[in-house]
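Analysis of the macromolecular model
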Amino acid sequence: MSLILILILFGINTKMRKVGVVGYEQTPMLRDAGAQNEVELIMSVVHKVLKNLNITQRDIDFTCSGSCDYLQGVSFAFVDGLNAVSAVPPIKESHVEMDAAWALYEAWLKIQSGQAEIALVYGFGKSSPGEIREILSLQLDPYYMSPLWPDSVSIAALQARLLLEKGIVTEEEMACVVQESRRNALNNPNAQLSGDFSLDDLISEPYFVSPLKKHDCSPITDGASVMVIASEEKAKELHKCPAYINGFDHRIETGQIGMRDLTISTSVEISAKELNLDSKNIQVAELHAPFSHQQLILKKALNLSDNVVINQSGGPLAGNIVMTAGLDRIGAIFQQLQFNSIHCGLAHATSGPCLQQNMLVLLEDS
Amino acid sequence: MSEEKKIVGFEAPIYFKYSYTAGGATTLFLKKLVEGRIVGQRCPVCQGVYVPPRGSCPRDGVATEEEVEVAHTGTVESFTINYIPIPDGAVDPPFVSANIVLDGADLSFMHLISGIPHNQVRIGMRVKALWKPQDEWKPSMTNILYFEPLDEPDIDIDTLWDKYKNA
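If you're wondering where the values come from, they're calculated on a predicted model, not measured in any experiment. (Residues numbered from 1 in each chain as written. Chains lettered and ligands numbered in written order. Predicted model: local features only at pLDDT ≥ 70, side-chain atom pairs only at ≥ 80, totals over all residues.)

1. Let's talk about the overall build of chain B
- Across its full length, chain B carries two helices and ten strands.
- Counted from the first residue to the last, chain B has its helices and strands arranged as α-β-β-β-β-β-β-β-β-β-β-α.
- The C-alpha radius of gyration computed for chain B amounts to 21 Å, which surpasses the reference 15 Å derived for 167 residues by more than 25%, pointing to a less compact arrangement than a globule.
- Across chain B, contacts joining residues at least 24 apart in sequence account for 56% of those joining residues at least 6 apart. (Helix = DSSP H or I, 4+ residues; strand = E, 2+ residues; numbered from the N terminus. Rg over C-alpha atoms; globule rule 2.2 N^0.38 Å. Contact = placed C-beta atoms within 7 Å.)

As structure tokens, this is what we get:
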């Protein structure tokens, strides 16, 4: 009921505030960050972003983080994360048990509602200490699915099998996604996996969870990322080329994977229409596809032409910091918009099994 | 006709294994405990000494790198007399747990108080750590059995709390 009311209010008041991304930092994406704990990872990027913008935590009106306590196996671990920012005397702060892209969404709303001018968003995750494939089972239906412990790769494999059997994608197309990711990642100093591989080599790799090969799955990664956003006025003061958020759309499909067509992404199709993407000259896109076949579903749902450069950073297949991999897509577009020739980019973040939730962020240089 | 049996619950146990990483600061603290020493870290901004160290100062949001060894004596900041047994049964109730600020530290931590009738424990009381025999030392807070009273005058509570205001 209240949600409907909010939608109506937004419908009436179409005058949205312009908000720009002014800073983004990411730790190197590592298979195992070793003895570095979460606070140490977050602190390194928070310090860097604040220093580059020449501001302190006192200049930040709102701080929001995204993380998952199950990764650490410690209850309220997200509160410990606050040790990385200067939170005394108390600051205005919030947390989402979601990818930090959703923390960004909350911060963006805070600026929209006039409660903040500058917001800091961070996400962190060390997947190496726990059993990430099994931990992700906990996001499934607690009555019918979680007790069976279907792990994240097995569920994605069901989706990939459907795509292949229906003839929607081929194993060669999936290998192409991997080849491009590894090649693009050669230019990303933070990337975990990169290299020049031939299609034949990739295709001849053994199956991991059939029909997925190991390289079709995003790797296990440790790391943290941070982003600073600001109202248009503040953004211009802080950065010579802010990336303006000119579209934001988030939609959720059912969590029951048997109740929807896994070969398409209805939520992304609706969001793309809502943001009027067909009328935009999108040059670059960063897609949060933790599995190679999911990138093909997204490309189709977004109706992206072959001219659009997808995952120039390497994308999640080159390094996947769970709980900030979505924010990293937005950060990557921000970085790509710093080049004079790039004016418009699209970032996508996902959550849940088989692209259950999707968020689109349209970023432009004006 | 048999009465319909209602399902009121089902079991879905969750077990996960983690390779826990203590982080640099906690690792330092635990290693020093094996040597019978209590080592914290100082914040380079507010100069506050954290025992046990957390690797960062939440007040200033910076890393705490300078190691500071502190005394095994301290002051009771607050206490409670506990009548509820603790899960591992290591201590029989009633027992006294207290927040203790060690000399040289700016933050209290919790430990046990013993060696004094419970009704004589008080805020501001001076205490010192009683360690287990050295051959039982391991990387654990349990190397210290408990804190026992020290024959020194109490510290005025306002003096104790001024520390926080000034830090």
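2. Here we look at the overall build of chain A
- The secondary structure content of chain A amounts to 13 helices and twelve strands.
- For chain A, whose C-alpha radius of gyration is 20 Å, the value lies close to the compact-globule estimate of 21 Å for 366 residues.
- For chain A, the spread of C-alpha atoms along the principal axes amounts to about 55 × 50 × 45 Å.
- Scored against the burial criterion, the 366 residues of chain A give a buried share of 52%.
- Long-range pairs, those at least 24 residues apart, make up 78% of the contacts in chain A between residues at least 6 apart in sequence. (Buried ≥ 20, exposed ≤ 12 C-beta atoms within 10 Å, placed from the backbone.)

3. As for the pairing of strand β8 (residues 109-113) of chain B
Residues and elements named next belong to chain B.
- Here five bridges tie strand β7 (residues 95-102) to β8, and the two strands are oriented antiparallel to one another. By the bridge assignment for β8, Ala 98 is matched with His 111.
- Where β7 folds back onto β8 in an antiparallel hairpin, the turn is made up of six residues, including Gly 104, whose phi is positive at roughly 100 degrees. (Pairing = 2+ DSSP bridges.)

4. Some points on the sheet that holds strand β7 (residues 222-231) of chain A
All names here are of chain A.
- If you trace the ten strands from one edge of the open sheet to the other, you get β3-β2-β4-β7-β1-β8-β12-β11-β9-β10, paired in mixed fashion. What marks the edges here is a single partner per strand, and that holds for β3 (93-96) and β10 (309-310).
- The sheet contact formed by strand β1 (residues 19-26) and β7 spans seven bridges and is antiparallel. Each bridged residue has a counterpart across the sheet, and for Val 21 the counterpart in β7 is Ile 229.
- Where helix α2 (residues 38-53) meets the sheet, it contacts β1, β4 (118-126) and β7, and its direction lies at approximately 35 degrees from that of β7.
- On top of the sheet, helix α13 (residues 325-336) reaches β1, β2 (62-66), β4, β7, β8 (243-252), β9 (284-286), β11 (344-351) and β12 (357-364); it is set at about 170 degrees to β11, its chief contact. (Axes fitted to C-alpha atoms, helices over the stretch in contact; angles between N-to-C directions.)

5. A word on the packing of helix α11 (residues 266-274) of chain A against helix α12 (residues 292-302) of chain A
Residue and element names in this part refer to chain A.
- Relative orientation of the contacting elements α11 and α12 amounts to 35 degrees, with a least axis distance of 8 Å. Classified by chirality, the crossing of α12 by α11 is right-handed. Along the contact surface, α11 presents Val 268, Glu 269 and Ala 272, while α12 presents Leu 298, Ala 301 and Leu 302.
- A per-class count over the contact of α11 with α12 returns five nonpolar, no polar and one charged. (Left-handed = near helix turned anticlockwise from the far one by under 90°. Nonpolar A, V, L, I, M, F, W, Y, C, P; charged D, E, K, R; others polar.)

6. Points about the interface of chain A and chain B
- Contacts between the two partners involve 22 residues from chain A and, on the opposite side, 18 residues from chain B.
- Ranked by residue count, the leading element in the side of chain A that touches chain B is α2(A), at three residues.
- Residues belonging to the side of chain A that touches chain B are distributed by class as follows: twelve nonpolar, seven polar and three charged.

7. Describing the sheet that holds strand β1 (residues 39-42) of chain B
- Taking strand neighbours across the sheet as the criterion, the three strands line up as β2-β1-β5 (chain B) in an open arrangement whose pairing is antiparallel. The sheet is open, and its two borders are formed by β2 (49-50) and β5 (66-69) of chain B, each paired with just one other strand.

8. Considering the nonpolar core
- Core analysis: the largest hydrophobic core is formed by 113 residues, its most contacted members being A:Leu104, A:Ala119, A:Val121 and A:Ile229.
- For this core, the element with the highest residue contribution is helix α5 (residues 100-112) of chain A, accounting for nine residues.
- Excluding residues within four positions of it along the chain, A:Leu104 makes contact with A:Val121, A:Met227, A:Ile229, A:Leu327 and A:Ile330.
- Counting 15 residues, the second-largest nonpolar core is a separate cluster that includes B:Ala98, B:Ile100, B:Val101 and B:Val127. (Core = buried A, V, L, I, M, F, W, Y, C linked by C-beta atoms within 7 Å.)

9. What to know about α13(A)
All names here are of chain A.
- A rise of 1.5 Å per residue sets the reference length of α13, with its twelve residues, at 16 Å; its end C-alpha atoms lie 16 Å apart and thus fit the reference within 8%.
- The buried fraction of α13 amounts to twelve of the twelve residues, a majority that puts the element mostly inside the structure.
- Among the residues of α13, those classed as buried are Ala 325, Gly 326, Leu 327, Asp 328, Arg 329, Ile 330, Gly 331, Ala 332, Ile 333, Phe 334, Gln 335 and Gln 336. (Expected span 1.5 Å × (residues − 1).)

10. Re the packing of α5(A) against α13(A)
All names here are of chain A.
- Interhelical geometry of α5 versus α13 gives an angle of 65 degrees and a closest axis separation of 5 Å. Classified by the angle between their axes, α5 and α13 sit roughly perpendicular to one another. Residues Ala 100, Ala 101 and Leu 104 of α5 form the contact with α13, whose participating residues are Gly 326, Leu 327 and Ile 330.
- Its residues assigned to classes, the contact of α5 with α13 shows five nonpolar, one polar and no charged. (Parallel < 35°, antiparallel > 145°, perpendicular 65-115°, else oblique.)

11. Topic: helix α1 (residues 24-34) of chain B
Residues and elements named next belong to chain B.
- All of the buried residues along α1 are Ala 25, Phe 29 and Leu 33. Take α1 and look down its axis: the buried residues cluster within an arc of 75 degrees, on one side only.
- For α1, the secondary structure elements touched by its buried residues are β1.
- Positive backbone phi, approximately 80 degrees, marks Gly 36, located one or two places after α1. (Arc of directions from axis to C-beta.)

12. Quick word on unusual backbone geometry
Residues and elements named next belong to chain A.
- The omega torsion of the bond from Ser 210 to Pro 211 falls at 5 degrees, within 30 degrees of zero and hence cis.
- Looking at the element boundaries, Pro 211 is found in the loop between β5 (207-209) and β6 (212-213).
- In this model, Asn 54 sits at a positive phi of 60 degrees, which is unusual for a non-glycine residue.
- Inspection of the secondary structure assignment puts Asn 54 in the loop between α2 and β2.
- Non-glycine residue Met 323 carries a positive phi angle of around 90 degrees.
- If you trace the backbone, Met 323 turns up in the loop between β10 and α13.

These figures capture arrangement, not role.
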